[in-house]
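Next come the chains, spelled out residue by residue.
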Amino acid sequence: MAGVGTQRSLMKIYSAVLIIIILLGANLAQAERLAVSAGVANVRSGPGTEYEILWKVEKYHPIFVIEKTDSWYHFRDFEGDKGWLHDSLVSKIKTIITKGEVNNIRSGPGTKFKILFTVEKGIPFKVLTRKEGWIHIQHADGDKGWIHASLVW
């Protein structure tokens, strides 16, 4: 039978594990994937318009939220770059962004379908539907096609 000292040590360990789980859960609750809903959005160095514009992103650019401060999202993107966007510029839209250097956009979900156009790395698209490892996508300019899931983030 375990002694009182052993039971206290186990309780301390259980308490520490519980605190870690709660803290991780709080961070996961903030972790969210959103996308730019404005035509073009300024990515800033901090949570406010007084902060420097680091770069601009176009509609459907996906982001992974790190934290939210008031009405600003601190995020990272598919390349690991970090910045801030105002919450009025983003929403819950299913999107992807190309990660291959050259990406074929096809007329249907498979390599036997015609290549409609190609895009470089970093082009965002809205997700229309998915089918067997392929994603039907639409660019902000209206162009549609299919891309293989392995080519996107």
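Owing to the predicted nature of the structure, the values given are computational and were not obtained by experimental measurement.

Reading the values: the criteria
Residues numbered from 1 in each chain as written. Predicted model: local features only at pLDDT ≥ 70, side-chain atom pairs only at ≥ 80, totals over all residues. Heavy atoms only, no water. Salt bridge = Lys/Arg side-chain N within 4 Å of Asp/Glu carboxyl O. Helix = DSSP H or I, 4+ residues; strand = E, 2+ residues; numbered from the N terminus. Buried < 20%, exposed > 50% of the residue type's maximum accessible area, 1.4 Å probe, protein only.

All told, the structure shown has 3 salt bridges when counted by the stated rule. Here Asp87 ties to Lys68 by a salt bridge, and the two come within 3.4 Å at their closest N and O atoms. With Asp87 in the loop between β6 (82-86) and β7 (90-91) and Lys68 in strand β4 (residues 62-69), this pair connects stretches of sequence that are 19 residues apart. The class of Lys68 is partly exposed, set by a relative accessible area of 40%.

Non-glycine residue Asp70 carries a positive phi angle of around 50 degrees. The exposure class of Asp70 is exposed, given its relative accessible area of 72%. The residue Glu132 is not glycine, and still its phi comes out positive at about 50 degrees. The topology assignment puts Glu132 in the loop between β11 (124-131) and β12 (134-138).

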